[in-house]
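Working through the structure, step by step
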Amino acid sequence: MKGSKCRCRYATTSQRRVCPRCGKMMKPAEWPDEGKVLTFTRLHAIPAGLKDPYNLALVAIENGPKLICWTSGILNENDSVTIVEQKGNMFCSSRPDQTSELKDPVKA
Ligand SMILES: [Zn+2]
């Protein structure tokens, strides 16, 4: 997914020209569509516009931004997840081919 990054290490998935943290120009960046769960929150109310019960996870992309993602599943901290954007909302789901015990495969 596309985004922006700054020399001050601020990173975001939105296309920004000016860093909200330090005020310098940001550079375009391309983030991987996967990350790790930092925190997971079970919601007891269903957000408007969503028909299924959804939960919220804070997901960190490696060397990239942290994202608030909706998820229909139950996640644990450090789970590896795949992130998809739909209509401006981020959704994540756990990667089925992996248990939380395994390390990420080495990227080519
Ligand atoms: Zn900055």
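Residues numbered from 1 in each chain as written. Predicted model: local features only at pLDDT ≥ 70, side-chain atom pairs only at ≥ 80, totals over all residues. Heavy atoms only, no water.

If you trace the backbone, Ser80 turns up in strand β7 (residues 80-86). Ser80 sits in the buried class, given a relative accessible area of 9%. (Helix = DSSP H or I, 4+ residues; strand = E, 2+ residues; numbered from the N terminus. Buried < 20%, exposed > 50% of the residue type's maximum accessible area, 1.4 Å probe, protein only.)

Bringing the environment of Cys8 into the picture now. Of note, Cys8 is situated in the loop between β1 (2-5) and β2 (11-12). When neighbours within four sequence positions are excluded, Cys8 is seen to be in contact with Cys19, Arg21 and Cys22. (Contact = heavy atoms within 4.5 Å.)

For the rest of this paragraph, the subject is the packing of aromatic side chains. Here a ring pair, both rings aromatic, is described through the centre-centre distance and the interplanar angle of the planes. Throughout the structure, instances matching the rule amount to one aromatic pair. Both rings, one in Tyr54 and one in Phe91, keep their centres 5.5 Å apart while their planes meet at 70°; by these two values the pair is edge-to-face. On the criterion of sequence distance, the pair formed by Tyr54 in the loop between β4 (34-41) and β5 (55-60) and Phe91 in strand β8 (residues 89-94) is long-range, its members being 37 residues apart. (Phe/Tyr/Trp six-rings, centres within 6.5 Å; stacked < 30°, edge-to-face > 60°.)

In the first shell of the zinc ion, the protein supplies Cys6 (SG), Cys8 (SG), Cys19 (SG) and Cys22 (SG), at 2.2 to 2.3 Å from the metal. Written as a sequence motif, the donor residues of the zinc ion are C-x1-C-x10-C-x2-C. Taken together, the positions of Cys6 in the loop between β1 and β2 and Cys22 in the loop between β2 and β3 (27-30) put the pair 16 residues apart, joining distant regions of the chain. The exposure class assigned to Cys6 is buried, which follows from its relative accessible area of 10%. Accessibility expressed as a relative area gives 35% for Cys22, which makes it partly exposed. (Donors = N, O, S within 2.8 Å, 3.2 Å for Na, K, Ca; no water.)

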